[in-house]
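Geometric and topological summary
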Amino acid sequence: MNIQLLNQNIADAASDISLEYITTKELKKNKNKKALKLAGFDASADSICFLHNKQLLVCGVEELNAENVRSVSAIAVKALQKTNYKSANISIENMMLIPALVEGFVLGGYTYDRYKTKKSKTSLKDIALIYTKDDYKKAIKVFSDAVIVADATCFTRDIVNTTPEDLNPPSFAKLAKNLAKENGLGCTILNEKALKKENCTAMLAVGRASRHESQLIHLSYKPKNAKKKVNLIGKGLTYDSGGLSLKPGASMVTMKMDKAGACAVLGIIKAASEMKLDIEINAFIGAVENMIGGDAYKPDDVLVSRNGKTIEVRNTDAEGRLVLADVLDYAQDKVKADYMFDFATLTGACMVAVGQYTTGVMGHSSKLKHSFYNAASISGELTASLPFNKHLKKQIKSEIADICNISNKPYGGAITAGLFLDAFIKEENKDKWLHFDIAGSAYTETPWDVNVYGGTGAGVRFMSQFLKSL
Ligand code: BES
Ligand code: ZN
Ligand code: ZN
């Protein structure tokens, strides 16, 4: 699907169908109110109505704002994809709504059919946004950034949706290498031999029973005159069986998505480089598969992490934090950054705490958390802050090692996981770091907002928005 922004002057209005967004209040004054009433359309949120004889698709919004426009656009595009219309257009005069429309159409219209023998077919090829105001040049920039971020989100979704057979640590490294080549990024890949040299023993332990070699992937985007440096770290469990603390059968399904943090990090560096942001970005990914076997790491093992701290393993399903412990430490040693953010499908507990739709945000700096909250609300992603405290920190103490990989109490699991990561953040970086738990928000089996079945691309939109705001 091709989406473009047209200036009113150059727009030939020759689309097969036009979209019109109206509020319940406006319905009473609408010139098609009779036909709309007959169709049972009340312009309530997320409702749509085709008036085929007028070549019109009317979309209901309670109030004309980005959030409502984004979500009804996703519904509209899905409905259009089922018709035989080849092109659609919409007139807009408010620049602020451009990203919401792009996100609704691109993300709502996303399909993943790599594993279908019959590929999904749709007649809809073109969507034109017709901008009716004068500052077209500014609008073009807003539009093209929105398209870049939406496309990067789809790129992230594609990788998340790829099966664990097709996307394992070595093939993940290959994919990252290709992205680096296409986008002119630096790329360093550490295989197991190199990881041993780097003393990434915790990360290596998690991947030991896998037939695929673990990989630490480092991509860098270094524009001239970069004003800031940002480190991004992603949990890349290409499959999480739970290891010897095996997951129950039902919980194992969808665990290909345990690489979503790493996929988000790739999407973000892709978007930042295509928007040509003047920020240096270093992305670090721990790509590992958590499996069972005679060689598997075990509950009762004590691992020596890269920074020298010892970790008592009491559950091999709390593996993400072990991988991240080493990758976080490696990232801090390699690049002294102004900010550092990690993305991870870390805990089921985060979903229990904030629901499936929201990303849990953890860290020490209230200021940083606040700026993220703002960036997230603009981007349309949901985030909620989960506060650290010293009492929860005691729950990950170990009797025999420096720290334990699980909590000794059943509550606050998302935060205790965040506090575990905190133990691997150097003192000077404490206020520069935030941890994003995307366990719930990264994947869905029921469509919601602009998300369809599968990977959602969580993190790409809010992080891109934050980077733009720097
Ligand atoms: N990858 C999972 C977390 C997860 C669960 C992500 C559900 C997405 C959906 C993680 O490695 C894990 O298994 N965590 C355990 C931690 C526990 C053993 C302390 C969990 O959440 O149950
Ligand atoms: Zn796990
Ligand atoms: Zn996991």
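Below, the structure is looked at part by part. Position numbers for residues start from 1 in each chain and track the written sequence from start to end. Chain labels run from A onward and ligand labels from 1 onward, assigned in the order the entries are written. Local features in a predicted model are, by the rule used here, given only for residues with pLDDT of at least 70; side-chain atom pairs are given and counted only at 80 or more, and totals for whole chains, interfaces and linings are based on all residues. Side-chain calculation: all heavy atoms of the structure are included, whereas hydrogens and water are not.

Each donor-metal-donor angle would ideally measure 109.5 degrees in four-coordinate tetrahedral geometry, or 90 or 180 degrees in six-coordinate octahedral geometry. For the zinc ion (ligand 2), the full set of protein donor atoms is Asp240 (OD), Asp317 (O), Asp317 (OD) and Glu319 (OE), at a range of 2.0 to 2.2 Å. Listed donor atoms are N, O and S within 2.8 Å of the metal (Na, K and Ca: 3.2 Å). As water is not included, a site may look incomplete. A four-donor site is classed as tetrahedral when every donor-metal-donor angle falls between 85 and 135 degrees; four donors are called square planar, and six octahedral, when trans pairs exceed 155 degrees and all remaining angles lie between 65 and 115, with any other arrangement labelled irregular. Coordination geometry of the zinc ion (ligand 2): the 6 donor atoms subtend angles of 72 to 168° at the metal centre, consistent with an arrangement described as irregular. Here the donor residues of the zinc ion (ligand 2) are spaced in sequence according to D-x76-D-x1-E. Between the two metal centres, the zinc ion (ligand 2) and the zinc ion (ligand 3), the spacing is 3.2 Å, with Asp240 acting as a shared donor. Burial here depends on accessible area, computed with a 1.4 Å probe over protein chains only, as a share of the maximum for the residue type. Under 20% is buried, over 50% is exposed, and the range in between is partly exposed. On the basis of relative accessibility, which here comes to 0%, the residue Glu319 falls in the buried class.

It is worth spelling out a nonpolar patch on the surface at this point. A residue counts toward a patch only above 30% relative accessible area and without a salt bridge, and it is joined to like-charged neighbours within 9 Å or, for Val, Leu, Ile, Met, Phe, Trp and Tyr, to nonpolar neighbours within 5 Å. Calculation of accessible area relied on Shrake-Rupley with a 1.4 Å probe; when residues are assessed, cover is drawn exclusively from the protein chains displayed. Any Lys or Arg side-chain nitrogen found within 4 Å of a carboxyl oxygen on Asp or Glu counts as a salt bridge. Taken together, the side chains of Leu244, Leu246 and Ile292 define a hydrophobic patch exposed on the protein surface, amounting to about 270 Å² of accessible area. Numbering goes from the N terminus for both helices and strands, where a helix is a DSSP run of H or I of at least four residues and a strand is a run of E of at least two. Topologically, Ile292 is positioned in the loop between β10 (279–290) and β11 (302–304).

So, about the coordination of the zinc ion (ligand 3). For the zinc ion (ligand 3), the full set of protein donor atoms is Lys235 (NZ), Asp240 (OD), Asp258 (OD) and Glu319 (OE), and the range of their distances to it is 1.9 to 2.5 Å. Taken together, the 6 donor atoms coordinating the zinc ion (ligand 3) and their angles of 76 to 173° define a geometry best described as octahedral. In the primary structure, the donors to the zinc ion (ligand 3) are separated according to the pattern K-x4-D-x17-D-x60-E.

Here the focus is unusual backbone geometry. A positive phi angle, near 50°, is found at Gln55, a position not held by glycine. Locating Gln55 in the fold gives a position in the loop between β3 (48–51) and β4 (56–60). Its identity as a non-glycine residue notwithstanding, Asp449 has a phi of 50°, on the positive side. Looking at the element boundaries, Asp449 is found in the loop between β18 (443–444) and β19 (454–455).

Moving on, we come to the site of ligand 1. Each residue is tested against the molecule or strand, and it is near if at least one of its non-hydrogen atoms lies within 4 Å. Near ligand 1 you find 17 residues, and of these Lys247, Asp258, Asp317, Glu319 and Gly348 are the closest. Within the side chain of Asp240, a nitrogen or oxygen atom sits 2.9 Å from an oxygen atom of ligand 1. In the complex, the protein chains occlude 77% of the 510 Å² of accessible area that ligand 1 would expose alone. Elements with a contribution of two residues or more to the shell around ligand 1: β9 (228–240) and α12 (348–354). In the analysis that follows, any N or O atom pair within 3.5 Å is treated as a polar contact, provided that within protein one partner can donate a hydrogen and the other can accept it, and provided that, for residues neighboring in sequence, both atoms belong to side chains.

With that settled, consider the pairing of β4. Within β4, 5 of the 5 residues are buried, leaving the element largely enclosed by the surrounding structure. Here β4 shows a buried face lined by Leu56, Val58 and Gly60 and a second buried face lined by Leu57 and Cys59. When strand β2 (residues 17–22) meets β4, the two strands line up parallel, connected through 5 bridges. Bridge assignment links Leu19 to a residue of β4, and that residue is Leu57. Any two strands between which DSSP finds at least two bridges are classified as paired. Pairing analysis gives 4 bridges linking β3 to β4, with the strands arranged antiparallel. Note that in β4 the partner of Leu51 across the bridge is Leu56. From the end of β3 to the start of β4, which pair antiparallel, there are 4 residues, and Gln55 there has a positive phi angle of about 50°.

Here we come to the packing of helix α4 (residues 98–108) against helix α5 (residues 136–161). Note on geometry: axes are lines fitted to C-alpha atoms, helical ones only across the stretch in contact, with angles between N-to-C directions running from 0 to 180 degrees. Where α4 contacts α5, the two axes come as close as 9 Å, and the packing angle between them is 30°. With respect to their mutual orientation, α4 and α5 come out roughly parallel. In this structure, α4 crosses over α5, and the sense of that crossing is right-handed. Note on element contacts: α5 touches α4 through Ala139, Val142, Phe143, Ala146, Val147, Ala150, Asp151, Thr153, Cys154 and Arg157, opposite Ile98, Pro99, Val102, Val106 and Leu107. Looking at side-chain class alone, the contact of α4 with α5 contains 12 nonpolar, 1 polar and 2 charged residues. These descriptions rest on fixed angle ranges, namely under 35 degrees for roughly parallel, over 145 for roughly antiparallel, 65 to 115 for roughly perpendicular, and the rest for oblique. For a crossing to be left-handed, the near helix must be turned anticlockwise from the far one by less than a right angle; the clockwise case is right-handed. By definition, residues are in contact when any of their heavy atoms lie within 4.5 Å. Put simply, Ala, Val, Leu, Ile, Met, Phe, Trp, Tyr, Cys and Pro go in the nonpolar bin, Asp, Glu, Lys and Arg in the charged bin, and everything else, Gly too, in the polar bin.

What follows covers the nonpolar core. Throughout this description, the term nonpolar core refers to a set of buried Ala, Val, Leu, Ile, Met, Phe, Trp, Tyr and Cys residues connected via side-chain atoms within 4.5 Å. In terms of nonpolar packing, the biggest core is built from 55 residues, with Leu219, Phe341, Met463 and Leu467 touching the most fellow members. Examining the composition of this core, we find that 10 residues originate from one element, helix α10 (residues 260–274), more than from any other. Core analysis: the next-biggest nonpolar cluster, separate from the first, contains 46 residues, Val288, Val327, Ala344 and Met362 among them.

On to the sheet that holds β3, then. Pairing is mixed across the open sheet formed by 6 strands, whose spatial order is β1-β6-β5-β2-β4-β3. Two strands in the sheet have a free side with no partner beyond their single neighbour: β1 (2–7) and β3. Shown here is a sheet whose adjacent strand axes are inclined to one another by a mean of 25°, direction ignored. Contacts between α5 and the sheet are confined to β1 and β6 (126–131), with β1 contributing the most and set at about 170° to the helix.

Looking at the secondary structure, you find Thr416 in helix α15 (residues 413–422). Residue classification places Thr416 among the buried positions, given a relative accessible area of 1%. Once residues lying within four places of it in the same chain are set aside, the contact partners of Thr416 are Leu392, Gln395, Ile396 and Ser407.

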